[in-house]
Amino acid sequence: MPVVQSITEEILDLKRQRRAIILAHHYQDSEIQEIADAIGDSLELARAAQKFDGDVIAFCGVVFMAETAKVLNPSRTVIVPDLDAGCSLVDSCSAAQIRAFRARHPDHVVVSYINTSVEVKAESDILCTSRNAVKIVNSIPPEKPILFLPDINLGNYVKQQTGRENMRIWQGSCVVHATFAARKLVAARLAHPAAPVAAHPECPSDVLSMADFIGSTSAIIEWCVATDAKEFIVMTESGVTHSLKRLAPGKQFHFVPNENCNCSECPYMRRNTLEKLRDALDKLEPRMELPEELIRRAAVPIECMLAVR
Ligand code: 13P
Ligand code: SF4
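Description of the structure in this document. (Residues numbered from 1 in each chain as written. Chains lettered and ligands numbered in written order. Predicted model: local features only at pLDDT ≥ 70, side-chain atom pairs only at ≥ 80, totals over all residues. Heavy atoms only, no water.)

**Focus on the site of ligand 2**
Phase 1: Taken together, 13 residues are adjacent to ligand 2, and Cys87, Asn115, Cys174, Glu202 and Cys266 come closest.
Phase 2: A breakdown of the residues in the shell around ligand 2 according to their chemical character gives 10 nonpolar, 2 polar and 1 charged. (Near = heavy atom within 4 Å. Nonpolar A, V, L, I, M, F, W, Y, C, P; charged D, E, K, R; others polar.)

**As for the sheet that holds strand β6 (residues 126–128)**
Within a sheet, adjacent strands bond to each other through the backbone by hydrogen bonds, running parallel or antiparallel.
Phase 1: Pairing within the open sheet is parallel, and its 4 strands lie in the order β6-β5-β7-β8. Both edges of this open sheet fall to β6 and β8 (167–169), since each of them pairs with a single strand only. In this sheet, adjacent strand axes meet at a mean angle of 25° when their direction is disregarded.
Phase 2: Relative to strand β7 (residues 146–149), strand β5 (residues 109–113) is paired through 4 bridges, and the arrangement is parallel. If you follow valine 109 over to β7, its bridge partner there is isoleucine 146. (Pairing = 2+ DSSP bridges. Helix = DSSP H or I, 4+ residues; strand = E, 2+ residues; numbered from the N terminus. Axes fitted to C-alpha atoms, helices over the stretch in contact; angles between N-to-C directions.)

**Quick notes on helix α14 (residues 274–283)**
Phase 1: Among all positions of α14, only Leu274, Leu277, Arg278, Ala280 and Leu281 are buried. Each buried residue of α14 lies within a common arc of 165° when the element is viewed along its axis, so the set occupies one face.
Phase 2: Backbone geometry just after α14 places leucine 284 at a positive phi near 55°. (Buried < 20%, exposed > 50% of the residue type's maximum accessible area, 1.4 Å probe, protein only. Arc of directions from axis to C-beta.)

**Here's the deal with the pattern of salt bridges**
Phase 1: Counting across every chain of the model gives 20 salt bridges.
Phase 2: For arginine 131, the salt bridge identified is with glutamate 44, shortest N-O distance 3.5 Å. Here the residue arginine 131 occupies a position in the loop between β6 and α8 (133–138), and glutamate 44 occupies one in helix α3 (residues 42–51), the gap between them amounting to 87 residues.
Phase 3: Given the relative accessible area of 33%, arginine 131 is considered partly exposed.
Phase 4: Here glutamate 44 falls in the partly exposed class, since its relative accessible area comes to 29%. (Salt bridge = Lys/Arg side-chain N within 4 Å of Asp/Glu carboxyl O.)

Spelled out as structure tokens, the structure:
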């Protein structure tokens, strides 16, 4: 009888043949996270891409993350399972809008969240992620006015944490986190009164005001693992369950559904599947191809961010 390879075995074989690394964001399906070489938040994955020295990076996340990996690895092949894995934050802000803003406000430092297109990154002074946004803004001299983009909720949170008044904030939002409703969190707290609340800073301020901890996806996981409670309410994408279950067995995690889908899954992140990953490793397509000049310009604010420890 012919031996039938499972899709996971096919992927692992192709990975060896291609000298590839599989990077997976916490919001990927569990079956993808299980075969990944590294799982992380957007900052950790950018650092993993920076350190890698094989031939192919298979990026299981959304396209802006793969673009960042390509900018940091211009000579390597970067593939994604699905080129339509976008992000509502990326869609909220174009490079032309940033150029127009700069023409009107040449004195402003442009701080862009990593959830932006590579073209917007190329127009920016420095990047940040949800993990380091407060630190990045604090690294800018206090007298310099800032444009923070594109996430309004992260921007407001950073403004409040830094006490920075000279900070303009773009009006973009995440379709998952911005639609978490405070009334549903109130209901979850009544149902689970012993559970502390961990929230991603892309959530609205009324949700964040009820949180015991606010941080990036990895920071939320670390906090739930380290905190001495038996159950938690988690206000982020439910893909973090994979690491939470592995790192904190025996603890319980409650997710609050958002208004769009009665779930808490990112429709972009969840476009990726094992089948698409296998095909991408096989054909080395879809592939990130970026003009050299764009890579050169976008690398500056990314490297600037990575240099802030
Ligand atoms: P993290 O940086 O926390 O991984 O967030 C990325 C993201 O897209 C959150 O929605
Ligand atoms: Fe973008 Fe929100 Fe999805 Fe993160 S969860 S990739 S911010 S749409």
